[in-house]
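This is what each chain is made of:
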Amino acid sequence: MSKRQITGTVIKIAGDKTATVLVERRVLHPRYHKTVKRFKKYLIHDEKNDIQVGDTVNAIECRPLSKTKSFRLLEIVKRGEL
C-alpha cells in the first residue's frame, strides 16, 4: 500500500517541530454540478524547524507520531511571501 502525499500551505506553526497545513481540493457539487472547494487541516512533522507560515509544502504519510500527527515534511515546494 502506497503512502499518501499531500500538498498544502502552512498556516500556523503549532509548537516545536510541528506545523499546520491547509490542503485544498476541488470537487464537483452533486446537485449543482459546479466546482466547489473543500478544505482540511493536517499537522505535519518538521524535524529541522525549517518551514515558515506561507510556505507551500509536500508531506508524506508516516506512522502516527502523536494523537493527531501522521504526516512528515517531504519537501518545501515554494517559500512564502511573508
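What you see is a predicted model; the values in this text were computed from it and never measured. (Residues numbered from 1 in each chain as written. Predicted model: local features only at pLDDT ≥ 70, side-chain atom pairs only at ≥ 80, totals over all residues. Heavy atoms only, no water.)

Caption draft 1: Focus on the overall build of the protein. Counting secondary structure elements, the protein contains zero helices and five strands. Reading the protein from its N end, one meets helices and strands in the order β-β-β-β-β. Taking the principal axes of its C-alpha atoms as reference, the protein extends roughly 45 × 35 × 20 Å. Across the 82 residues in the protein, those meeting the buried criterion constitute 28%. For the protein, the proportion of contacts with a sequence separation of at least 24, taken over those separated by at least 6, is 47%. Averaging the positions of the 19 positive and the 9 negative side-chain charges in the protein gives two centres separated by 10 Å. (Helix = DSSP H or I, 4+ residues; strand = E, 2+ residues; numbered from the N terminus. Buried < 20%, exposed > 50% of the residue type's maximum accessible area, 1.4 Å probe, protein only. Contact = heavy atoms within 4.5 Å. Lys, Arg positive; Asp, Glu negative; His and termini not counted. Charge placed at Lys NZ, Arg CZ, Asp CG, Glu CD.)

Caption draft 2: A look at the packing of aromatic side chains. Taken as a whole, this structure holds one aromatic pair when the rule is applied. Considering the side-chain rings of Y42 and F71, the 5.2 Å spacing of their centres and the 65 degrees angle between planes classify their relative orientation as edge-to-face. Taken together, the residues span a long stretch of sequence, with Y42 in strand β3 (residues 35-45) and F71 in strand β5 (residues 69-78) at a distance of 29 residues. Of the residues examined, Y42 reaches a relative accessible area of 15% and is grouped as buried. Residue classification places F71 among the buried positions, given a relative accessible area of 4%. (Phe/Tyr/Trp six-rings, centres within 6.5 Å; stacked < 30°, edge-to-face > 60°.)

Caption draft 3: Structural view of the pairing of strand β1 (residues 5-13). Note that β1 and strand β4 (residues 56-61) share five bridges and pair antiparallel. Bridge pairing links G8 to V57 in β4. Of the pairings in the sheet, the one linking β1 to strand β2 (residues 18-28) comprises four bridges and is antiparallel in character. Along β2, the bridge assignment pairs K12 with T20. Where β1 folds back on β2, the antiparallel hairpin that results is connected by four residues, among which G15 adopts a positive phi of roughly 115 degrees. (Pairing = 2+ DSSP bridges.)

Caption draft 4: Structural context of the side chain of N58. Tracing the backbone through its elements, the reader meets N58 in strand β4. For N58, a relative accessible area of 11% translates into the label buried. Of the polar contacts made by the side chain of N58, one reaches the side chain of T7; its length is 2.5 Å. Side chain to side chain, N58 and E75 meet in a polar contact 2.8 Å long. Setting aside chain neighbours within four positions, we find N58 in contact with I6, T7, L73, L74, E75 and V77. (Polar contact = N/O pair within 3.5 Å; in protein donor to acceptor, adjacent residues only side chain to side chain.)

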